[in-house]
Amino acid sequence: MSDTNKTTDVVAPADAPVVAPEPVTATAPATEPAAKPEAPVTTAITSATEPTATATTTTAAPAATETTGDAKPETEKEASPLAQLWEAAKNHGHPEIWGVPLADPANHIPSQIVFQKYLNANDGDLAKARDQLIKTLDWRKKSDPLDLVRRMYSKSKFEGLGFVTTYVVDGKEVDEPEEREIFTWNIYGGVKSIDETFGNLEEFINWRVALMELALQELNICGAIKPITADYDPYKLFQVHDYKSISFLRSPPHVKSASAETIKVFAQNYPELLKEKFFVNVPAIMGFVYGFMKLFVAPKTIKKFHPMSNGANLAKEFAESRIKGLGEKLPAEYGGKGGELKAVGKEPFLTAE
């Protein structure tokens, strides 16, 4: 099973051209001496804002410059993509995404990060980014993930299945986002009862969302001090899915349904939050999982996925991290020297029932 991120859209009328009719000459009756011709009279059609030509003017006023239907006044500038996403969010009304209270991205860096992630997820396509953003706002209004992360979940169904760990530079106050790495761990090999854990799809998705929101709290976008760009974004997570002891050949339909729904929910509502995802201790056959992923996950996100048959090799994958010795900080079963997940990780709240 997988979740991804990776990880959501006004002109002046043209002036009438000026037309000057032919001069009209007045003629006296036949029985009277011919009257002196009157001066030619010129009539001009003008807009309301232009002066009307006088009777003594024999030259037509110059035509007003015509404008096309798409032209905009020089003083009017199109709002930036980030500003337009902010406008869409204001019009929607839901006040937050990922715990970030949405505000003007021009002067609120956490909001800039949120909106920019939706643009990045859609390769800068504003219409697609707006559509995904609105769908996320709809989903968050309906599902209320901030409430889900505060709920209690069944200990018998979910204990030991999901953790969040945070690793920072030793002995240093963390100010830079690059000096902190957040991991989410899904230990599906620890499922005690497939029917209990996956039997209630809504309950499983709620627990899975709570785990993700817990990780976002650790990521702390709300406290971000650096804006992101299309090329620079350190506000992302590592994800590890451990499939030890799982047999995909015997997965019942409700397990596959839970996997498919998780992928759809996370692909839609958590874009550009994935740094890399590691599938460890995977069986030789896990085709149905990748089949679901290809349906809902962008190809550039699929490239971040790394299947590994031996989970003990995971620590070797982090040699280039800015956090010195990051691999050694991982639990021993993943090749490190750190404490067990139960000792160092955080779980969603659990209750006996």
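Please refer to the structure placed before this passage.
Residues numbered from 1 in each chain as written. Predicted model: local features only at pLDDT ≥ 70, side-chain atom pairs only at ≥ 80, totals over all residues. Heavy atoms only, no water.

**A few points about the overall build of the protein chain**
What counts is decided by this rule: In this description a helix means any DSSP run of H or I spanning at least four residues, a strand means any run of E spanning at least two, and both kinds are numbered starting from the N terminus. Only protein chains enter the accessibility calculation, which uses a 1.4 Å probe; a residue is then buried when its area is under 20% of its type maximum, exposed when over 50%, and partly exposed in between. What sets the accessible areas is the Shrake-Rupley method with a 1.4 Å probe; for residues, cover comes only from the shown protein chains.
When its secondary structure is counted, the protein chain shows 12 helices and nine strands. For the protein chain, the proportion of its 353 residues judged to be buried stands at 44%. Carbon and sulfur atoms make up 54% of the accessible area of the protein chain, which amounts to about 18,600 Å² in all.

**Quick look at the sheet that holds strand β8 (residues 305-308)**
Selection criterion: Whether two strands pair depends on DSSP finding at least two bridges between them. Here an axis means a line fitted to C-alpha atoms, over the contact stretch when the element is a helix, while the angle between two N-to-C directions is reported on a 0 to 180 degree scale. Two residues form a contact once any of their heavy atoms are found within 4.5 Å.
The mixed open sheet is built from five strands, whose spatial order is β4-β5-β6-β7-β8. At either margin of the open sheet sits one strand with a lone partner, and together these are β4 (162-168) and β8. Strand after strand, the sheet turns through a mean of 20° between neighbouring axes, direction not considered. Relative to strand β5 (residues 180-187), β4 runs antiparallel, the two being bridged by seven bridges. Within β5, the residue paired with Thr 166 across the bridge is Ile 182. In the packing of helix α7 (residues 201-219) onto the sheet, the strands contacted are β4, β5 and β6 (237-242), and the crossing angle to β5 comes to about 165°.

**Focus on α7**
The condition that has to hold: Every helix has an expected span of 1.5 Å times one less than the residues it contains. Any pair of N or O atoms that falls within 3.5 Å is considered a polar contact. Within protein, one atom must be able to donate a hydrogen and the other to accept it, and sequence-neighbouring residues count only if both atoms are side-chain atoms.
For α7, spanning 19 residues, the distance from its first C-alpha to its last is 27 Å, which sits close to the expected 27 Å at 1.5 Å a residue. Among the 19 residues in α7, 15 count as buried, and that is most of the element. Capping of α7 at its N-terminal end is provided by Asn 200; its side-chain oxygen lies 3.3 Å from the backbone amide nitrogen of Glu 202. Once α7 ends, the next one or two residues include Asn 220, with phi positive near 60°.

**What to know about the side chain of Gln 116**
Position of Gln 116 among the secondary structure elements: in helix α2 (residues 109-121). Residue Gln 116 is classed as buried on the basis of its relative accessible area, which comes to 12%. Ignoring anything within four residues of it in the chain, the contact list for Gln 116 reads Leu 82, Ile 228, Thr 229 and Ala 230.

**A look at helix α1 (residues 81-92)**
Heads up, the rule is: In this context, the arc is that of the directions from the helix axis out to the C-beta atoms.
In this model α1 runs 17 Å from its N-terminal to its C-terminal C-alpha over 12 residues, within 8% of the 16 Å that 1.5 Å per residue would give. Of all the residues in α1, the buried ones are Leu 82, Leu 85, Trp 86, Ala 88 and Ala 89. With its buried residues spanning 160° around the axis, α1 presents them on a single face. Check the buried side of α1 and you find it contacts α2 and α3 (126-143). Just downstream of α1 lies Gly 93, where phi reads positive at about 110°.

**Some details on the side chain of His 94**
Here His 94 lies in the loop between α1 and β1 (96-97). A distance of 3.0 Å separates polar atoms of two side chains, one belonging to His 94 and the other to Glu 96. Sequence-distant contacts of His 94, defined by excluding residues within four places in its chain, comprise Ala 89, Leu 102, Leu 137, Arg 140 and Lys 141.

**Re the packing of α7 against helix α8 (residues 253-269)**
Convention followed: Our angle categories are set so that under 35 degrees counts as roughly parallel, over 145 as roughly antiparallel, 65 to 115 as roughly perpendicular, and the remainder as oblique. Two helices crossing with the near one rotated counterclockwise from the far one by less than a right angle form a left-handed crossing, whereas a clockwise rotation gives a right-handed crossing. Residue polarity is assigned by list, with Asp, Glu, Lys and Arg as charged and Ala, Val, Leu, Ile, Met, Phe, Trp, Tyr, Cys and Pro as nonpolar; anything else, Gly included, falls into the polar class.
At a minimum axis distance of 10 Å, the contact between α7 and α8 shows a crossing angle of 45°. Relative to α8, the element α7 lies oblique. For the element pair α7 and α8, the recorded crossing hand is right-handed. Contact with α7, carried on its side by Leu 201, Phe 204, Ile 205, Arg 208, Val 209 and Met 212, involves Ser 257, Ala 258, Glu 261, Thr 262, Val 265 and Phe 266 of α8 and no other residues of that element. Across the contact of α7 with α8, the residue classes break down as eight nonpolar, two polar and two charged.

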